[in-house]
Amino acid sequence: MMSQRKPINGRPSGTDGSDFSYRMVVDSRYQKVAEGKSRLGKLIFIQGFIQFLAAVVVYLSTLEGGTLDGLSVSSCLIFFISLLIGELGRKRSRAVLLKLYLFGSSVSVIIMVVSVLQSGKSLEVIKDSSKWASSKLEVSEMAVVSLGKSL
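Here is what the cut-offs are and how they apply
Residues numbered from 1 in each chain as written. Predicted model: local features only at pLDDT ≥ 70, side-chain atom pairs only at ≥ 80, totals over all residues. Heavy atoms only, no water. Helix = DSSP H or I, 4+ residues; strand = E, 2+ residues; numbered from the N terminus. Expected span 1.5 Å × (residues − 1). Buried < 20%, exposed > 50% of the residue type's maximum accessible area, 1.4 Å probe, protein only. Axes fitted to C-alpha atoms, helices over the stretch in contact; angles between N-to-C directions. Parallel < 35°, antiparallel > 145°, perpendicular 65-115°, else oblique. Left-handed = near helix turned anticlockwise from the far one by under 90°. Contact = heavy atoms within 4.5 Å. Nonpolar A, V, L, I, M, F, W, Y, C, P; charged D, E, K, R; others polar. Salt bridge = Lys/Arg side-chain N within 4 Å of Asp/Glu carboxyl O. Patch = residues over 30% accessible without salt bridge, like charges linked within 9 Å, V, L, I, M, F, W, Y side chains within 5 Å. Areas by Shrake-Rupley, 256 points an atom, 1.4 Å probe, with all protein chains shown as cover.

Chemist: Can you help me understand helix 4 (residues 95-118) in this one?
Modeler: Because each turn of an α-helix spans 3.6 residues, side chains separated by three or four positions in sequence point in the same direction. Counted at 1.5 Å a residue, the expected span for helix 4 with its 24 residues is 34 Å, and the 35 Å between its end C-alpha atoms agrees. Those residues of helix 4 that fall on the buried side of the exposure criterion are Tyr-101, Gly-104, Ser-105, Ser-108, Val-109, Ile-111, Met-112, Ser-115 and Val-116.

Written as structure tokens, this is what we have:
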């Protein structure tokens, strides 16, 4: 009896590969969860990059002598906080945190859209395409907002 418990060459019995027929297969639902978490991680990374671009656009607009738009800054802050919450929810598989992430990112995009629509320059740039070259920041801000909405 005692000889069965002691490994012969330092390896516990049953780990030499001969027990493959008794091993369990990972259920497909767990594989789907792992794939979903991986996709969500990529999406959070892409959204973080787009939001970083939005923060750069907001910062560059202040360098050109513009004022700091409170709505844009609050949108960036809300989005970064919701991204952190979303990453925590993804890693820990917490549905409550993922719902909070979804709500926060949606509110952030709505605030950013309102901010773009409030600035009259954005509408002027859309109406008159000759102003696109002179209004690069407005065009880039609209591009960032449209990218954020599409995700």
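Chemist: I tried to follow the packing of helix 2 (residues 28-63) against helix 3 (residues 70-92) on my own but got confused; where do I start?
Modeler: In helix packing, the relevant descriptors are the interaxial angle and the interaxial distance, both defined with respect to the helix axes. Interaxial distance between helix 2 and helix 3 falls to 10 Å at its minimum, and their mutual angle equals 160°. When the axis of helix 2 is compared with that of helix 3, the two are roughly antiparallel. With respect to the hand of their crossing, helix 2 and helix 3 are arranged in left-handed fashion. Packed against helix 2, whose contacting residues are Lys-37, Leu-40, Gly-41, Ile-44, Gln-47, Gly-48, Gln-51, Phe-52, Ala-54, Ala-55 and Val-58, the element helix 3 presents Ser-72, Val-73, Ser-75, Cys-76, Phe-79, Phe-80, Leu-83, Gly-86, Glu-87, Arg-90 and Lys-91 at the interface. Looking at the contact of helix 2 with helix 3, its residues break down into eleven nonpolar, seven polar and four charged.

Chemist: Is there a simple way to explain the pattern of salt bridges in this structure?
Modeler: Side chains that differ in charge, positive against negative, can pair when their charged atoms come close. Overall, the coordinates contain one salt bridge when judged by the stated rule. Close ionic contact of Arg-90 with Glu-87 constitutes a salt bridge, the shortest N to O distance being 2.6 Å. In this pair, Arg-90 and Glu-87 both sit in helix 3, three residues apart, roughly one turn of the helix. Its relative accessible area of 21% is what places Glu-87 among the partly exposed residues.

Chemist: Any chance you could explain unusual backbone geometry here in plain terms?
Modeler: Glycine aside, the phi torsion of most residues is negative, and most peptide linkages are trans. At Ser-93, a position not held by glycine, the phi torsion is positive, near 55°. Along the chain, Ser-93 turns up in the loop between helix 3 and helix 4.

Chemist: Honestly, helix 2 in this entry has me stumped. Any pointers?
Modeler: Over its 36 residues, helix 2 extends 53 Å from the first C-alpha to the last, a length consistent with the 52 Å expected when each residue adds 1.5 Å. Of the residues making up helix 2, those classed as buried are Leu-40, Gly-41, Ile-44, Gln-47, Gly-48, Ile-50, Gln-51, Ala-54, Val-57 and Val-58.

Chemist: Looking at this structure, I do not really get a nonpolar patch on the surface. What am I missing?
Modeler: Among the surface-exposed residues, Phe-49, Phe-52, Leu-53 and Phe-80 lie close enough to one another that they form a single nonpolar patch of about 370 Å² accessible area. Its place among the elements puts Phe-49 in helix 2. Using a relative accessible area of 49% as the deciding quantity, one classes Phe-49 as partly exposed.

Chemist: Would you explain the side chain of Ser-105 in this entry?
Modeler: In this fold, Ser-105 is placed in helix 4. Residue Ser-105 is classed as buried on the basis of its relative accessible area of 8%. When residues no more than four places from it in sequence are discounted, the contact partners of Ser-105 are Phe-79 and Ser-82.

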